[in-house]
Structures are given as C-alpha cells and as structure tokens.
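In case you want the letters, here they are:
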Amino acid sequence: MSVSEAYDLILQPRKADCLIGAEELQRGFLEALSQGKLHHAWLIGGPESCGKATFAYLAAKFLLSHQGHAAAVATGATRFSIAENSPAAAKISAGSHSDLLLFSRRWDQENKRMTAGIPVDDVRRLTHFFGSTAGEGGWRIVIVDKVDDMAPSAANALLKSLEEPPSNCLFFLLSDHPQRLLPTIRSRCRRAHMNALDHAQMSEVLNEHLDVFDVEAFEGISELAAGRVQYAIDLLQQDHSDLRHDMQARLEEGPNETRNLHALADSLSVRGRDALFDEFMERMRLFVHKRALLAASSGGKNPWVEVWDELGRQQVQTDTFNLDKKQLILNLFALLNKAKSAEVGLPT
C-alpha cells in the first residue's frame, strides 16, 4: 500500500476493519448491547485523530452485520468481530449502506475547499431516514462527524431526534470538544472518552498501513504528532529530516549558542513551505510548554509564561495581518534566549 493509499484509508475510517486502542470502550459498548441496555445516543469525545470515527464505523458494521443476533454475539465479547465476507460491512466500507446515515462537512467542488460546517438542511434528512422502513429490517445508525461542526440550527434539529428516537436506532456523535456542545445534547447521550494513541499504538497503526515504515523518521516526529495519526502521516510525507533536526537543535541550544537563525528563518518562511512553518510553530509551542511546566515545578519566577503568551499573540497577529514569517521566527527566538538566560542567571 502506498503512502497516499494509507493516508486515504486513515482519512476514511469507514474502510477500517480493526481498531487499535479503546479496549475499555469496546467492552462497555458490547456489554451494554448484550444486556439490552444500549443507549440510543453515544457522545464520543477525545482529541483529534484518536479513532473516534473508526470506533463508530466498526460498531455500525458489527450491528448491521449481525442484526437481530448482535446482542447474542456481543455476550462475553471484548472487541468488535466482523466476518471478512460480511455484505453489510462491505457496503459500509463503500459508503453505500442504506441504513447508515453520515453527517459531516463536505467538499465544495466549486470553491475547492471543505464546507464551513454541517448545514441544517442535511440534518433534516433524518425525517425521511427514520420515516422509512430500515432497508435490511434492523438497525438504523446515524454518525455525526463531527458534531462540533454543526450550525446552531442543525444542532437544534438533531436535538429533536435525540429527544424522541425511534426504535432500533443509534446515534454516534463524535466531538473533539464535547464540553462546548449544547447541554441539552450532552444530557441526552451516554458520554464516552477516547484517549490519544500512545507511542506504541501510533507505531502499530502506521506500521500496519504503510508499505515502508521509517522507524527513525517516526521517532523524530512522534512527540510532535501527539497521537494524531493524520498529522503523523503528513509529517512523514515530508522529506525534510535535516531541516527538522535543525529546528529542534535551535530550540534546545543555550542562549549564547544560537547561530544561523537567519538561514533557518529563510528556509521556513519561503512560499510553499506552510506545512514546515506550521510544524516549526508546533515544535516551539511544545518546547515552551515543557519548559514552563518544568520551571513551575521548581517554584519562583517563571520566565516562560511571558514567552507562551507572546508566542500566541504574535502568531495571531502575523496570521491576521499577513506579516513577515521570518521576522516572527526571529522575534520568538529572541524571547526564547531571554527566558533561557533568566533561567541560568545570565544578563538579559
């Protein structure tokens, strides 16, 4: 499988046939199903790209494959089991199962970008979906990926269906920030949380789906990816190992050791390298955050708090007014060196 095909697979969780991680959530779902206590709406929260959609699609495949026997199959099970030759699972992977309805942002072909959110007209399709007989005589499942993207009117339309759900229906509401949702939506769902994938799980996912998995390259970006599979793939697709090493070395060197900053800033701020610039800013945020936590644990004045505040303020200003990225990088390194000097008692 090529990198592009693997990336497509990860971006389309409906094609997945297994889920790495979330063992407790899978057990809890199957136990509720086997005991006849399956709640009609599940709000699955967790960080970006941690497997929320994969969980929802695998649960849908399990239910729509086993139909009336799903509760019996779930008894004593700890993970979703779906036969390789399941027609229902094949339809879900192809995006063509009539008893599964997906709400998500769409690709706007005219403007060549994703739509801003999930419009209310999409959610109104629920009336027809629930008003007709299930195509295969069993479950009807709705996946909202992500409920964070719903316009207020769309969220209110969804709420009506959550309040009066028909029989044998199941909602999976996926959210990166469930605490920001309407309280009335949260209160009508069974809430669950998925953690970000750890280092070993990330390695397993990438190794499974990539023809060539560069362990050394992964080690260089694993902390930065922070469990985000899509972001890890993005970083691995970029062949900039020397520049990546240079970024990290400049962040970690002492206050009087900084050199070649203009060369680094030039490399990161040229047109067409937005992804590399964004990676550098992520690395800087991670570096400052770690130093701030370390300084806070030792007590006393924390020079990194000012750096953190200025980092956010200056980046927003640069993005808003399209200011010079090179100057932003140089400004931030000046702040870093000032904080490093304050830590070791050097003149600033």
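The paragraphs below set out a description of the structure included in this document.

The rules behind each value
- Residues numbered from 1 in each chain as written.
- Predicted model: local features only at pLDDT ≥ 70, side-chain atom pairs only at ≥ 80, totals over all residues.
- Heavy atoms only, no water.
- Core = buried A, V, L, I, M, F, W, Y, C linked by side-chain atoms within 4.5 Å.
- Buried < 20%, exposed > 50% of the residue type's maximum accessible area, 1.4 Å probe, protein only.
- Helix = DSSP H or I, 4+ residues; strand = E, 2+ residues; numbered from the N terminus.
- Disulfide = S-S within 2.5 Å.
- Polar contact = N/O pair within 3.5 Å; in protein donor to acceptor, adjacent residues only side chain to side chain.

Generally speaking, soluble globular proteins have nonpolar side chains that are buried together. Counting residues in each nonpolar core, the largest one holds 34 residues, and the members touching the most others are Phe 29, Phe 55, Ile 141, Leu 170 and Phe 172. Of all elements in the fold, only α2 (23-34), β1 (41-45), α3 (52-66), α4 (70-74), α5 (87-94), β5 (140-145) and β6 (169-175) reach the threshold of two or more residues within this core. Looking at this core, the element that brings in the most residues is α3, giving ten residues.

Here we come to the state of the cysteines. Applying the stated rule across the entire model yields zero disulfides. Sulfur of Cys 50: no disulfide; nearest cysteine sulfur belongs to Cys 18 and is 15 Å away. Given the relative accessible area of 3%, Cys 50 is considered buried. With no disulfide partner, Cys 169 has as its closest neighbouring cysteine sulfur the one in Cys 189, 11 Å distant. Residue classification places Cys 169 among the buried positions, given a relative accessible area of 3%.

It is worth spelling out the side chain of Arg 244 at this point. Relative to the helices and strands, Arg 244 resides in helix α13 (residues 241-252). At a separation of 2.6 Å, a polar atom in the side chain of Arg 244 contacts the side chain of Glu 279.

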